[in-house]
Amino acid sequence: MSNSSVGWVVVTSSAKDLSDIQGIVTEKDIVMKALNSKMDMSTLEAKHFMTPRDKLITVCASNSVWEVTKIFIKKNIRAAPVMDDGKLIGFVSVRDAVAQLAEDHSAEMDSLSAYVNGSY
């Protein structure tokens, strides 16, 4: 994860079927397991510290950016797998959501700024 500069990785049952998600490993999973275990983390398989599929907080491809943002806030998470018809189709992060919100509302902000500054 550190070599690729990512905060999570998907765990699948095989390298051939990437849609068969078994869970995810996050930075938080690794830190919490390391802090609460005396085991050598370099010898543990992902299944011993990943968040399993049945406990994952996921979003649907049809969720709006507002719905996704509310899930992030309510569940105190920074990213979520995007599922469609039970299959993993991607990931969305807080950064993705903020970027989309900023893009969606930049024209509104420009108009409000012009109004406030008297140049509308």
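In what follows, the structure referred to is the one given above.
Criteria and cut-off values
Residues numbered from 1 in each chain as written. Predicted model: local features only at pLDDT ≥ 70, side-chain atom pairs only at ≥ 80, totals over all residues. Heavy atoms only, no water. Helix = DSSP H or I, 4+ residues; strand = E, 2+ residues; numbered from the N terminus. Rg over C-alpha atoms; globule rule 2.2 N^0.38 Å. Buried < 20%, exposed > 50% of the residue type's maximum accessible area, 1.4 Å probe, protein only. Arc of directions from axis to C-beta. Contact = heavy atoms within 4.5 Å.

Student: Give a detailed account of the overall build of the chain, specifying residues and quantitative values.
Tutor: Of the regular secondary structure elements, the chain holds 3 helices and 6 strands. Secondary structure elements in the chain, listed N-terminal to C-terminal, are β-β-α-β-β-α-β-β-α. Taking 2.2 N^0.38 as the reference for a compact globule, 120 residues should give roughly 14 Å; the C-alpha atoms of the chain span a radius of gyration of 19 Å, well beyond that estimate. Its C-alpha atoms put the chain at 65 × 35 × 25 Å along the principal axes.

Student: Break down unusual backbone geometry for me, citing the residues and quoting the values.
Tutor: The backbone of asparagine 76 shows a phi angle near 55°, a positive value even though the residue is not glycine. Take asparagine 76: it is sitting in the loop between helix H2 (65–75) and strand E5 (79–84). What makes asparagine 76 exposed here is its relative accessible area of 65%. Positioned with a positive phi, aspartate 85 is a non-glycine residue whose angle comes to about 55°. Of note, aspartate 85 is situated in the loop between E5 and strand E6 (87–93).

Student: Report on H2, specifying residues and quantitative values.
Tutor: Of all the positions in H2, only Val65, Val68, Thr69 and Phe72 are classed as buried. All buried residues of H2 project into a common sector of 100° when viewed along the axis, lining one side. Among the exposed residues of H2, those oriented more than 90 degrees off its buried face are Lys70 and Lys74. On its buried face, H2 sits against strand E4 (59–60), E5, E6 and helix H3 (94–116).

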